[in-house]
Amino acid sequence: MFTEYTGNRQFDLQLNRTFAPILDRPGMDKVAATTLPRLRSTEQITRLAQQLADRFESEGDADAAWRLYELAAFYLGADDPRKHRFIDAMSRSFEEAHRGLALTHHAVPYRGGELTAMRWEADPADRAQAPAGTPTTLVMMNGFDGYAEEIIDFASHFPTRPFDIIAFDGPGQGHTALAGMPLEPQWERPTEAVLDYFGIDNAAALGVSFGGYLVMRAAAYCPRITRVIAFDMMYRLLDGLTMPLPRPLRPIAEAVVSRARPAWLIDGLMGIAQRFSADLAWKLQQARHLTGQDKPSDVLRALGAYTMEPLDGQIHQPCLVMAGDADQYVPFERLDDVRRALRNAASLDVRAFHEATDPGMAQHCQVGDLDRAFAIMCEWLQAPMKSLHNSLAV
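Residues numbered from 1 in each chain as written. Predicted model: local features only at pLDDT ≥ 70, side-chain atom pairs only at ≥ 80, totals over all residues. Heavy atoms only, no water.

> Talk me through the nonpolar core; I want residue IDs and the actual numbers.
Among the nonpolar cores identified, the biggest contains 132 residues, and F19, M140, F158, M216, F231, V321 and L342 are the most heavily contacted of them. For this core, the element with the highest residue contribution is helix 4 (residues 62-74), accounting for nine residues. For M140, the residues in contact, after removing those within four places along its chain, are I151, F154, A155, I165, I166, A167, F168, L206, V208 and F374. (Core = buried A, V, L, I, M, F, W, Y, C linked by side-chain atoms within 4.5 Å. Buried < 20%, exposed > 50% of the residue type's maximum accessible area, 1.4 Å probe, protein only. Helix = DSSP H or I, 4+ residues; strand = E, 2+ residues; numbered from the N terminus. Contact = heavy atoms within 4.5 Å.)

Next up, the structure:
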């Protein structure tokens, strides 16, 4: 279920993302009913998340603590010392919460630095019972604002886990971004580095959020990827900046944003606009962190490289695309563009969800019902690949 706590779509997405798994803790029903609806600023969210994280850590509830420390860091800039402190606490609590599992941490050498990676070995019983043809490895790709810990924790929603799961922070993501390595468009390069490090000849790949685009880019140039899941679809990263605008204004904004010129005008307009929108202010802050650029015009120019348009017809693996018409980052009408770009896929399954009939699944990354979303993806990964070209399921 997706709960509208504050009426601010950006805030509500992050609050659902963090609080849904821990609402069963003592006292959290009162927090959800009386405290969350009163949140009006990013600083209030940061302060509340820190207080709750400290409380749960002191009580020995590491699973709740790591989620709340991640939220406490979420809206902070990379130059804020609290961000590093909270992320360190998040990693520490995550490790404690998952102690005893067949889960290992890795540092993958890349371009003179390291990519943070994690590997969770398959459940032996699930692997023994898996249908023939089930992938033995699933690579989960991060997105715009996550960390490897959260990405691999998503795998706990799979009803069975017959495959090893590898999650990594690529350039510009999570721990790798905090270490100073900026985002790069050629996503097949870090993907190949991870596959080489683990000695993997073939793997399925699942992209989370912005990773829904990155997984497509990697698949187009990395034949070792055998199946592709966009969780959920993302055709163009810059859509996330124009989506909050009224529909009549989007074409004008898209023309300005996509060209990122004249630079002085873009920089001035963005500087003013972010004062009135916490959502835009956070997106620009995070984009600066990912790209290593400072001026809004340079940030937009860098983000413009992340689009499926150049990948049109170049992806040949079987693909599963998840999409929802209440997604606040991805216009639902982009589904036609995604289908066109994937016209040469060995098979294409589209699972589209509508707010009128399925509100939780219609949200970004189906955040309102993750168990169901991962059951769909798990079933698809274990099913024989269809010979039917461009199949559709809604």
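> So what's going on with the sheet that holds strand 3 (residues 137-141)? Which residues, and what values?
Picture the strands of a sheet paired through backbone hydrogen bonds; they go either parallel or antiparallel. If you trace the eight strands from one edge of the open sheet to the other, you get 1-2-4-3-5-6-7-8, paired in mixed fashion. With one partner strand each, in any of the chains shown, strand 1 (103-110) and strand 8 (348-353) form the two edges of the open sheet. Each strand of the sheet is rotated relative to its neighbour by a mean of 20°, with strand direction disregarded. On top of the sheet, helix 16 (residues 334-341) reaches strand 7 (319-324) and strand 8; it is set at about 170° to strand 8, its chief contact. (Pairing = 2+ DSSP bridges. Axes fitted to C-alpha atoms, helices over the stretch in contact; angles between N-to-C directions.)

> Give a detailed account of the pairing of strand 1, specifying residues and quantitative values.
As defined by bridge partners, strand 1 adjoins strand 2 (residues 113-120) across eight bridges and the pair is classed as antiparallel. Counted as the bridge partner of V108 is L115 from strand 2. With antiparallel pairing between neighbouring strands as the criterion, strand 1 and strand 2 make up a hairpin whose turn holds two residues, including R111 at a positive phi of roughly 50°.

> Break down the packing of aromatic side chains for me, with residues and values.
In total, this model carries 17 aromatic pairs according to the counting rule given. Centre to centre, the rings of F11 and Y75 are 5.9 Å apart; their planes meet at 75°, and the pair counts as edge-to-face. In this pair, F11 is assigned in helix 1 (residues 9-19) and Y75 in the loop between helix 4 and helix 5 (81-97), connecting sequence segments 64 residues apart. Neither residue differs from the other here; F11 and Y75 are each classed as buried. On the numbers, 4.9 Å between centres and 85° between planes, the contact of F158 with F374 is edge-to-face. Of this pair, F158 sits in the loop between helix 7 (148-153) and strand 4 (164-169) while F374 is found in helix 17 (residues 370-382), placing the two residues 216 residues apart along the sequence. Note on F374: relative accessible area 0%, which makes it buried. Among the aromatic residues, ring-to-ring pairing joins F11, F74, Y75, F144 and W282 into one connected group. Geometry around F56 places R55 over its ring, the cationic atom sitting 4.4 Å from the centre. Taking the ring centre of W120 as reference, the NZ or CZ of R161 above it sits at 4.0 Å. (Phe/Tyr/Trp six-rings, centres within 6.5 Å; stacked < 30°, edge-to-face > 60°. Lys NZ or Arg CZ within 6 Å of the ring centre and 35° of its normal.)

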